[in-house]
Amino acid sequence: HLKFNIQNKMLLSIDQGTSSTKTLLFDEAGQILARASEPLKTAYLADGFVEQDPEEVLSNVLISVEKCLTDFKSKGYDLSLITACGISNQRETFVLWDKTGKPLYNAVVWQCKRSVSICERLKQEGLEAEITQKTGLILDPYFSGTKLLWLYENNPEVKEAIDAGKAYFGTIDTWLLYKLTNGKSFATDHTNASRTLFFNLQTQRWDRAILENFGLSSLNLAEIKPSSAYFGETNLNGLLPQDIAITGMIGDSHAAAFGEGCFSAGTAKVTMGTGCSILMNIGEKAMPSTKGMMTTVCWSTEKRTDFALEGVIVSCGATVEWLKNEMGLFENSRETEAMASSLSDNGGVYLVPAFSGLGAPHWQMNRKASIVGLTFGTTKNHLVRAALESIAYQVKDVIVAMEADTGISLTEIVVDGGISANRFVMQFLADLLGIPVINIGIADVSALGAAYVAGLKSGLYTDFEQLKQLNNHKTTVTPSVERAYALEAYQGWQRAIDANE
């Protein structure tokens, strides 16, 4: 990296997540120069309500940015080197505010379940097919639209403001943009718009018919732009001596896919945390799923929009945590790799981790977890191995469904998140899928993706080929000679899934 001198143009990246805001400064080689993280409070209320204070989200971002800039300066860098800013954000969480920028209610978080009964009602009214066909999403409390409808029906102040045309609606990216530009910019990007239930994938515009059906025609909605676009200028409320351009806004899962190089159809990323999110680039045509996936915008530039299928797995790392905390099978999750590897096979033991239902592609949300194939010969290592294998089986289930949906074969898969450090899971996944499993080895991959989309628009990067050359110290796990075992074991998994459907 010696060819990059100190006159680098630096990219500021803000990753506003559910539990914290991370701020990073990258040089043009995609290397991290400074980093800060600031925890964010979330209110978990009765009846599954989840909220955050919008003003607190903003101040949380500014504290995180200030800490990062202080770190940057302490290393001898000058703030005038920062050329542009990218923002990635927790998706689906939204804010309503008035023209002056005052919130009309708390931010309603993506985890909030307040609109369960509204979703049921809309399904009974026969609206789901049309909404899915237009938006690529299902009627679920997860997405912003139904929770906004709940506020409209249950909060007189919100209803009055919306009906009078005085309510501004936005996901967190839009709220931050509005505040950081003093109300001058009111915009969002394709990825965030595509998570609201209001965005039509075919026209790539807000869908007026859906808004009318919901009684929300008078709502002020943001201008929709590509993820990599000019969104406005900010000095971050005085933290910078100069204004910089915000040239990237993108939802966090999409930012991760972009940061990990999912630039063409047949590339996918798997984030393996508590749960697991799989995003597969399906190219420039939005294809509907018949197998329980969401269709969504993967990312967009001014030249093109790429779409993706998304599959959500409910229990990934959560299964391992349960074996540790409730069953006491080991003290540290890192022990599981050696425990699983000590056996030559799973001994016929399968753990179906439906602790809070099974997600894509099964969607059996009332199902309970089960363990099958126990004998007196079963040891705790067998249970641990069954838990780790279940992570790979579930990813395979989603990939098989995505390939069937689209006719596109997966060529490679990039992994991130805590479980991606487990070499047993990575090797088993490679064997099961029969393709390379790649880890780029960067924890803050959403921030990296936001920096990349911002860098493309600001002219720091010219094209995808240049981005592919960055951060090239990745590790690749290729399928092993023991692949036959994985495929045979997968048939046992399918029988375990079918056993009590």
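Since this is a predicted model, take the numbers as computed values, not measurements.

*Asks:* Is there a simple way to explain the overall build of the chain in this structure?
*Replies:* A count of helices and strands for the chain gives 16 helices and 25 strands. A globule of 501 residues ought to have a C-alpha radius of gyration of about 23 Å, and the chain, at 23 Å, matches this closely. In terms of its C-alpha atoms, the chain occupies a principal-axis envelope of roughly 70 × 65 × 40 Å. By the burial criterion, 59% of the 501 residues in the chain qualify as buried. Accessible surface, the chain: about 19,600 Å² in total, of which carbon and sulfur atoms supply 50%. A gap of 2 Å separates the mean positions of the 43 positive and 56 negative side-chain charges of the chain.

*Asks:* How should helix H6 (residues 172–180) be read in this particular structure?
*Replies:* At 3.6 residues per turn, the α-helix brings residues three or four places apart onto the same side. Among the 9 residues that make up H6, 9 are buried, leaving the element largely enclosed by the rest of the structure. Among all positions of H6, only Ile172, Asp173, Thr174, Trp175, Leu176, Leu177, Tyr178, Lys179 and Leu180 are buried. Following H6 by one or two positions, asparagine 182 has its phi on the positive side, about 55 degrees.

*Asks:* Could you clarify how one ought to interpret the sheet that holds strand S2 (residues 20–26) in this entry?
*Replies:* In a beta sheet, neighbouring strands are held together by backbone hydrogen bonds and run either parallel or antiparallel to one another. Pairing within the open sheet is mixed, and its 6 strands lie in the order S3-S2-S1-S6-S16-S15. Either end of the sheet is taken by a strand with one partner, and the two such strands are strand S3 (32–39) and strand S15 (228–234). With strand direction ignored, the average angle separating the axes of adjacent strands in the sheet is 25 degrees. Examined bridge by bridge, strand S1 (residues 10–16) and S2 share 6 bridges and lie antiparallel to one another.

*Asks:* I tried to follow the nonpolar core on my own but got confused; where do I start?
*Replies:* Grouped burial of nonpolar side chains is what soluble globular proteins tend to show. With 100 residues, the main nonpolar core has Leu96, Phe198, Met272, Val395 and Ile413 as its most contacted residues. Of the residues forming this core, the biggest block, 13 residues, is contributed by helix H12 (residues 380–406). Other than its neighbours up to four places away in sequence, methionine 272 contacts Cys316, Ile391, Val395, Val415, Asp416, Gly417, Gly418, Ile419, Met426 and Leu429. Within the second largest apolar cluster, 41 residues are counted, among which are Val57, Ile82, Leu180 and Met249.

*Asks:* What's the story with the sheet that holds strand S17 (residues 267–272) in this structure? I'm lost.
*Replies:* The sheet built from 7 strands is open, its strands ordered S19-S20-S18-S17-S23-S24-S25 with mixed pairing. Each end of this open sheet is capped by a strand with a single partner; those strands are strand S19 (294–300) and strand S25 (475–477). Strand-to-strand twist of the sheet, defined as the mean angle between neighbouring strand axes without regard to direction, takes the value 30 degrees. As judged from the 5 bridges shared by S17 and strand S18 (residues 276–283), these two strands associate in the antiparallel manner. What sits directly across from threonine 271, in S18, is serine 277.

*Asks:* Whenever I open this one, the packing of aromatic side chains confuses me. Can you help?
*Replies:* Aromatic ring pairs are reported here in terms of the distance separating the ring centres and the angle at which the planes meet. Evaluation of the coordinates by the stated rule reveals 28 aromatic pairs. The interplanar angle of 85 degrees and the centroid separation of 5.8 Å between the aromatic rings of tryptophan 97 and phenylalanine 186 together place this pair among those described as edge-to-face. With tryptophan 97 in strand S7 (residues 94–97) and phenylalanine 186 in the loop between H6 and strand S10 (187–189), this pair connects stretches of sequence that are 89 residues apart. Across this residue pair, the class does not change: tryptophan 97 and phenylalanine 186 are buried. An aromatic cluster is built from Tyr350, Tyr393, Phe424, Phe428, Tyr485, Tyr490 and Trp493, whose rings are joined through pairwise contacts. Residue placement shows arginine 114 over the ring face of tryptophan 150; its charged tip is 5.0 Å from the ring centre.

*Asks:* Looking at this structure, I do not really get the confidence of the model for the chain. What am I missing?
*Replies:* Caution applies to low-pLDDT regions: their predicted coordinates should not be interpreted in detail. Summary statistics for the chain give a mean pLDDT of 94 and a share of 98% for residues scoring 70 or more. Confidence over residues 1–6 falls short of pLDDT 50; this stretch has 6 contacts with residues more than four positions distant or in other chains.

*Asks:* Even after reading the chapter, I still don't get the pairing of S17, so can you show me in this structure?
*Replies:* Each regular strand shows side chains that alternate between the opposite faces of the sheet. The element S17 is largely enclosed, with a buried count of 5 among its 6 residues. The antiparallel pairing of S17 with S18 creates a hairpin that spans 3 residues between the two strands.

*Asks:* I tried to follow the packing of helix H9 (residues 252–259) against helix H14 (residues 445–458) on my own but got confused; where do I start?
*Replies:* When two helices pack together, their arrangement is given by the angle between the helix axes and the distance between those axes. One way to put it is that H9 packs onto H14 with a least axis distance of 7 Å and a crossing angle of 75 degrees. In terms of orientation, H9 lies roughly perpendicular with respect to H14. Residues Asp252, Ala255, Ala256, Phe258 and Gly259 of H9 form the contact with H14, whose own contacting residues are Val445, Ser446, Leu448, Gly449, Ala450, Tyr452, Val453 and Leu456. Taken together, the residues of the contact of H9 with H14 sort by class into 9 nonpolar, 3 polar and 1 charged.

*Asks:* What exactly am I supposed to notice about helix H16 (residues 483–499) here?
*Replies:* The terminal C-alpha atoms of H16, which comprises 17 residues, lie 25 Å apart, in line with the 24 Å expected from a rise of 1.5 Å per residue. All of the buried residues along H16 are Ala486, Ala489, Tyr490, Gly492, Trp493, Ala496 and Ile497. Projected down its long axis, H16 shows its buried positions confined to an angular sector of 165 degrees, all on one face. Seen from the buried face of H16, the exposed residues on the opposite side, beyond 90 degrees, are Ala484, Glu488, Arg495, Asp498 and Ala499. Where H16 is buried, its residues touch strand S21 (350–352), strand S22 (370–372), H12 and helix H13 (423–433).

Definitions and limits used
- Residues numbered from 1 in each chain as written.
- Predicted model: local features only at pLDDT ≥ 70, side-chain atom pairs only at ≥ 80, totals over all residues.
- Heavy atoms only, no water.
- Helix = DSSP H or I, 4+ residues; strand = E, 2+ residues; numbered from the N terminus.
- Rg over C-alpha atoms; globule rule 2.2 N^0.38 Å.
- Buried < 20%, exposed > 50% of the residue type's maximum accessible area, 1.4 Å probe, protein only.
- Areas by Shrake-Rupley, 256 points an atom, 1.4 Å probe, with all protein chains shown as cover.
- Lys, Arg positive; Asp, Glu negative; His and termini not counted.
- Charge placed at Lys NZ, Arg CZ, Asp CG, Glu CD.
- Pairing = 2+ DSSP bridges.
- Axes fitted to C-alpha atoms, helices over the stretch in contact; angles between N-to-C directions.
- Core = buried A, V, L, I, M, F, W, Y, C linked by side-chain atoms within 4.5 Å.
- Contact = heavy atoms within 4.5 Å.
- Phe/Tyr/Trp six-rings, centres within 6.5 Å; stacked < 30°, edge-to-face > 60°.
- Lys NZ or Arg CZ within 6 Å of the ring centre and 35° of its normal.
- pLDDT = per-residue confidence, 0-100.
- Parallel < 35°, antiparallel > 145°, perpendicular 65-115°, else oblique.
- Nonpolar A, V, L, I, M, F, W, Y, C, P; charged D, E, K, R; others polar.
- Expected span 1.5 Å × (residues − 1).
- Arc of directions from axis to C-beta.

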